Amino acid sequence: MCSAARLLPRLPSPLQEVCDDRFDRRGLRLLLKRDDLIHPELIGNKWRKLAPNIEAAAGRPLLTFGGAYSNHLRATAAAGRLLGFPTVGVVRGQELADRPLNSSLARCVADGMRLCFVDRSTYRRKSEPGTLAAVLRSAGAEEAYVVPEGGSNAAAVHGCRALGAELRDHADVVAVACGTGGTLAGLAAGLRAEQHALGVPVLKGGFLEADTRSLQERAFGARTGSWSLDDRFHFGGYARTPPELEAFAQDFEERHGLPVERLYVAKLLYALTTLAAEGAFARGTTIAAVVTGRPFP
C-alpha cells in the first residue's frame, strides 16, 4: 500500500505571524503559511500535489518531468524511496547525460529514481500524445503513471484546494509563488469568495494566466475563486537569483530567523514587500504568504 498518509504529514501546516516594519507601518499584517514544515522530505506544495497522484498511481511506477534543478523531481524521488514505489525522472537536456550529475539529480538517483535525459525539442512537445508515448517507450516505462512537470494536474489542483480551506478564516489576501499554476488553481478554489489569491510567477513568459485557468477548468469545470497574477518578479526567469534578490533574502532571514528558499519563496516575499511599498494593499489587510519550500542542502 503506497498511501501518502503513511508519511504522517503535519496538517494543517502552521501559521506564523511575523512583525516586519515594512508591513507594520502601512497597517498590514503578514502571516507565513509554513507549508515547508508539512514533511521533512516532501515539502510544501510538493506534498499537496504529489499525495493525490500517489494514491491514483496505486503502486505503479511514477514517471514525471523536470529540469536539472527540479524540486519536483527531488520530491517525487523521495516519495518513491519512502513509500517503496519505482520512480522515473525525464530530465530536460540530452547534453546532461554525459556530464557529472549536479547535487539535485544526484539526490534523485540516491533516492532510487531512474533518470532519462531527452533533448529540449522533445521535452517541449512532451504533452503531445505521440511524443509522450515515444518517451515512455524510450524510458521502458509504458505502464507508468504519468505526472506532468511540476506535478500540476487536476488531481494536484484538488489536493491544493485544502491549502485554501486551511486559510479561510485567517487572511484577506493569500499569496503564493507559481511555477506551473497548480497550487494557485487549487488555493483559489479553497478560499472564501471574499478572499483573494495572488500568484507570483517565477518564470517569465506570461503563460500562467491561461495555464491556471485551464487547470481549474479541468479540475472544477470552470474558473473558480478570486485570483490574479503579478508577472513582475521573476528576476529574469527560473533559477535566476541576482544580487538584489540574494540581498533581500539574506536580510529577511536575519530579520525573522527563517531560511528563505531562493527560487520561489524569496521572489514571493520580495513581491509582497514591493507591493506593500506601492500601496497595493488597503490598511488593515491581512496577507498570508505560503512558504512552499526551504533551501535544499
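What counts, and where the lines are drawn
Residues numbered from 1 in each chain as written. Predicted model: local features only at pLDDT ≥ 70, side-chain atom pairs only at ≥ 80, totals over all residues. Heavy atoms only, no water. Helix = DSSP H or I, 4+ residues; strand = E, 2+ residues; numbered from the N terminus. Buried < 20%, exposed > 50% of the residue type's maximum accessible area, 1.4 Å probe, protein only. Contact = heavy atoms within 4.5 Å. Pairing = 2+ DSSP bridges. Axes fitted to C-alpha atoms, helices over the stretch in contact; angles between N-to-C directions. Salt bridge = Lys/Arg side-chain N within 4 Å of Asp/Glu carboxyl O. Parallel < 35°, antiparallel > 145°, perpendicular 65-115°, else oblique. Left-handed = near helix turned anticlockwise from the far one by under 90°. Expected span 1.5 Å × (residues − 1). Arc of directions from axis to C-beta.

## Side note on the environment of L96
Counting through the fold element by element, L96 comes out in the loop between β4 (87–92) and α4 (103–110). On the basis of relative accessible area, L96 is assigned to the buried category, the value being 16%. C-alpha of L96 to C-alpha of A68: the two residues are 28 residues apart in sequence and 8.2 Å apart in space. The residues touching L96, leaving out its near neighbours within four places in the chain, are A68, V91 and F117.

## Some thoughts on the sheet that holds strand β7 (residues 173–178)
Strand order in this open sheet of six strands is β1-β2-β10-β7-β8-β9, and the pairing throughout is mixed. A single partner strand is all that each edge strand has here, and the edge strands are β1 (15–18) and β9 (227–229). Strand-to-strand twist in this sheet, taken as the mean axis angle between neighbours without regard to direction, amounts to 25°. In terms of strand pairing, strand β8 (residues 196–201) meets β9 through three bridges, oriented parallel. For G199, the partnering residue across the bridge sits in β9 and is L229.

## Brief notes about the pattern of salt bridges
According to the stated counting rule, one finds 24 salt bridges in the structure shown. Residues E166 and R48 are paired through a salt bridge, measuring 3.0 Å at the closest nitrogen-oxygen approach. With E166 in helix α7 (residues 154–166) and R48 in helix α2 (residues 45–57), this pair connects stretches of sequence that are 118 residues apart. Residue E166 shares its accessibility class with R48, and that shared class is buried. E95 is paired through a salt bridge with R120; the nearest N and O atoms lie 2.7 Å apart. Here the residue E95 occupies a position in the loop between β4 and α4, and R120 occupies one in helix α5 (residues 120–124), the gap between them amounting to 25 residues. Salt bridges linked by common partners bring D20, D21, R22, R25, D251 and R255 together as one network.

## Considering the pairing of strand β2 (residues 29–33)
Counting buried positions along β2 yields four of five residues, so the element is predominantly enclosed. Summarising the sheet, β1 and β2 pair through four bridges and their orientation is antiparallel. Bridge pairing links E17 to L31 in β2. Examined bridge by bridge, β2 and strand β10 (residues 286–290) share five bridges and lie parallel to one another. Directly across from L32, in β10, lies its bridge partner A289.

## Here we look at the packing of α2 against α7
At a closest axis distance of 7 Å, the pairing of α2 and α7 adopts a crossing angle of 135°. What the angle tells us is that α2 and α7 run oblique. At the point where α2 passes α7, the crossing takes the right-handed sense. From α2, R48, K49, P52 and N53 reach across to α7, where they touch A155, A156, G159, C160, A162, L163 and E166.

## As for helix α10 (residues 243–256)
The first and last C-alpha atoms of α10 sit 20 Å apart over 14 residues, in line with the 20 Å expected at 1.5 Å per residue. For α10, every residue scored as buried is listed here: L245, F248, A249, F252 and H256. Taken around the axis of α10, the buried residues stretch over an arc of 100°, which confines them to a single face. Summarising the geometry of α10, the exposed residues directed more than 90 degrees from the buried face are P243 and E254. Looking at the buried residues of α10, the elements they touch are β1, α1 (21–24) and α11 (265–277).

## Some points on the packing of helix α3 (residues 71–83) against α4
In contact at an axis separation of 8 Å, α3 and α4 are set at 20° when each is read in the N-to-C sense. In terms of axis orientation, α3 runs roughly parallel to α4. Of the two elements, α3 crosses α4, and the hand of that crossing is left-handed. Facing L73, R74 and A77 of α3, the residues of α4 in contact are S103, S104, L105, R107 and C108.

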